[in-house]
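# Topology and contacts: notes
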Amino acid sequence: MPELPEVETLVQQLKRRLVGKKIVEVKIVNSKVVDNKIKKIVPVKVIGVRRRAKSIIIELEKGQFLLVHLRMSGHFHYIPKGKTIEADYQRFIVAEFKLSDGSILTHNSIRMFGSMKLVSKKHLDLALERLGPEPLSREFSLSQFKEMISRKKKANVKTVLLDQQFIAGIGNIYAQEALYHAGIDPRRKLGELSTLEVEKLYKEMRRVLVLAIKKKGTTIESYLHIEGVGGFQKHLAVYHCQKCPRGHRLKNLKLGGRSTYYCSKCQK
DNA sequence: CAATCGTCCTGCGGGC
DNA sequence: TGCCCGCAGGACGATT
């Protein structure tokens, strides 16, 4: 489930492999996931690659952008010139991009949930305008977080962390991890959190995200980055775990329709 | 205003 | 053993 750290990892890796090259050929296998219009604009040069929330933005010449959302199971595979696509990566290909240096980028998706759209600057801005702040941006201060929390007193803390309009890029893994490390029960209402707890949540949320980026994300089930598997799954405290780091048996409940692991002893 | 539900999709695990 | 049901998950709109 690519969330902020997984998408950030992919963006850094894609940037190194795509920027300055041209996409010379496109093969679209699943046009429900990948916009057919991309075929009409090749050859086209890649200007930049960046991230906003869980979206990858590939900037092309002439004010065109590829807006990519991987949802749960999307990934990329890069094949240098002269190599062939390994059998593992031939499965679930939704699109293939041939680059000007002879390399190939495949976009794969198991669940076919994601999307890759060709958009103008205007449509890009429109698609991203409702997103909340980036938790790791310099502008996202503790005082801003406190102010945001004070505006939604009745909402529960875990659901709000998953709300992309509230804060952008956090998903089911990192919401649960941040809450565990902050010692906060996921069912708590925002209005009940003490100043100290809000500060702890702010700090732990950012710490967990930074560490997860350093480890190139969490590989559980299908996530892969371009160079292999992530490493953060070794650091998970609660997500998909039986016991917390202090050895307590974890509880699981549904919150906002999502499975939620937490420790009733460590999280109050 | 907050929470829940349905929708999109397919691999896989559980149960019979 | 084999098959079928239902769950999982992110975003978004509609509904409660």
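Reading the values: the criteria
- Residues numbered from 1 in each chain as written.
- Chains lettered and ligands numbered in written order.
- Predicted model: local features only at pLDDT ≥ 70, side-chain atom pairs only at ≥ 80, totals over all residues.
- Heavy atoms only, no water.
- Helix = DSSP H or I, 4+ residues; strand = E, 2+ residues; numbered from the N terminus.
- Rg over C-alpha atoms; globule rule 2.2 N^0.38 Å.
- Contact = heavy atoms within 4.5 Å.
- Lys, Arg positive; Asp, Glu negative; His and termini not counted.
- Charge placed at Lys NZ, Arg CZ, Asp CG, Glu CD.
- Near = heavy atom within 4 Å.
- Polar contact = N/O pair within 3.5 Å; in protein donor to acceptor, adjacent residues only side chain to side chain.
- Nonpolar A, V, L, I, M, F, W, Y, C, P; charged D, E, K, R; others polar.
- Expected span 1.5 Å × (residues − 1).
- Buried < 20%, exposed > 50% of the residue type's maximum accessible area, 1.4 Å probe, protein only.
- Core = buried A, V, L, I, M, F, W, Y, C linked by side-chain atoms within 4.5 Å.

This part takes up the overall build of chain A. If you tally the helices and strands in chain A, you get eight helices and ten strands. Its C-alpha radius of gyration of 20 Å places chain A within 12% of the 18 Å reference for a compact globule of 268 residues. A principal-axis box enclosing the C-alpha atoms of chain A has dimensions of 55 × 40 × 30 Å. In chain A, once contacts between residues fewer than 6 apart in sequence are set aside, the share between residues at least 24 apart is 63%. Here chain A holds 52 positive side-chain charges and 25 negative ones, and the gap between their average locations is 3 Å.

Near DNA strand B the following residues occur: Lys32, Phe92, Ile110, Arg111, Met112, Phe113, Lys152, Lys154, Ala155, Asn156, Lys189 and Gly256. In DNA strand B, the atoms that sit within 4 Å of the protein are 63% sugar and phosphate, with bases accounting for the remainder. Within the contact set of DNA strand B, a phosphate oxygen lies 3.3 Å away from a side-chain nitrogen or oxygen of lysine 189. Its residues assigned to classes, the surface near DNA strand B shows five nonpolar, two polar and five charged.

What follows concerns helix H8 (residues 195-214). An ideal rise of 1.5 Å per residue puts 28 Å on 20 residues; H8 measures up with 29 Å between its terminal C-alpha atoms. Those residues of H8 lying buried are Glu197, Val198, Leu201, Tyr202, Glu204, Met205, Val208, Leu209, Ala212 and Ile213. The elements touched by buried residues of H8 are helix H1 (4-18), helix H5 (142-150), helix H6 (157-162) and helix H7 (172-182). After H8 finishes, the residue lysine 216 shows a positive phi value of roughly 65 degrees.

This next bit is on unusual backbone geometry. Following valine 42, the chain continues into proline 43 via a peptide bond in cis, with omega recorded as 0 degrees. Checked against the element boundaries, proline 43 lands in the loop between helix H2 (38-41) and strand E2 (44-52). Positive phi outside glycine occurs at alanine 53, with the angle close to 55 degrees. The residue histidine 240 is not glycine, and still its phi comes out positive at about 60 degrees. With respect to the helices and strands, histidine 240 occurs in the loop between H8 and strand E9 (251-255).

Surveying the vicinity of DNA strand C reveals 14 residues, the closest of which are Lys54, His69, Arg71, Met72 and Lys254. Considering the 4 Å shell around the protein, atoms of DNA strand C inside it are sugar or phosphate in 62% of instances. Interatomic distance of 3.4 Å between a side-chain N/O atom of glutamine 164 and a phosphate oxygen of DNA strand C. Note that a phosphate oxygen of DNA strand C is positioned 2.7 Å from one of the side-chain N or O atoms of lysine 254. Each residue belonging to the surface near DNA strand C can be placed in one class, and the counts come to four nonpolar, four polar and six charged.

To continue, consider the nonpolar core. One finds Phe145, Phe166, Ile170, Tyr174, Leu201 and Met205 to be the most contacted residues of the largest nonpolar core, which totals 42 residues. Elements with a minimum of two residues in this core: H5, H6, H7 and H8. The contacts of tyrosine 174, once residues within four sequence positions are left out, are Glu3, Pro5, Glu6, Val208, Leu209, Ala212, Gly217, Thr218 and Phe232. Counting 31 residues, the second-largest nonpolar core is a separate cluster that includes Leu10, Val49, Leu70 and Tyr78.

Helix length check: H1 (15 residues) gives 20 Å between terminal C-alpha atoms against 21 Å at 1.5 Å per residue, within 8%. Across the 15 residues that make up H1, a large majority, twelve, are buried. Along H1, the residues classified as buried are Leu4, Pro5, Glu6, Val7, Glu8, Thr9, Leu10, Val11, Gln13, Leu14, Arg17 and Leu18. Of the residues trailing H1, glycine 20 is marked for its positive phi of about 95 degrees.

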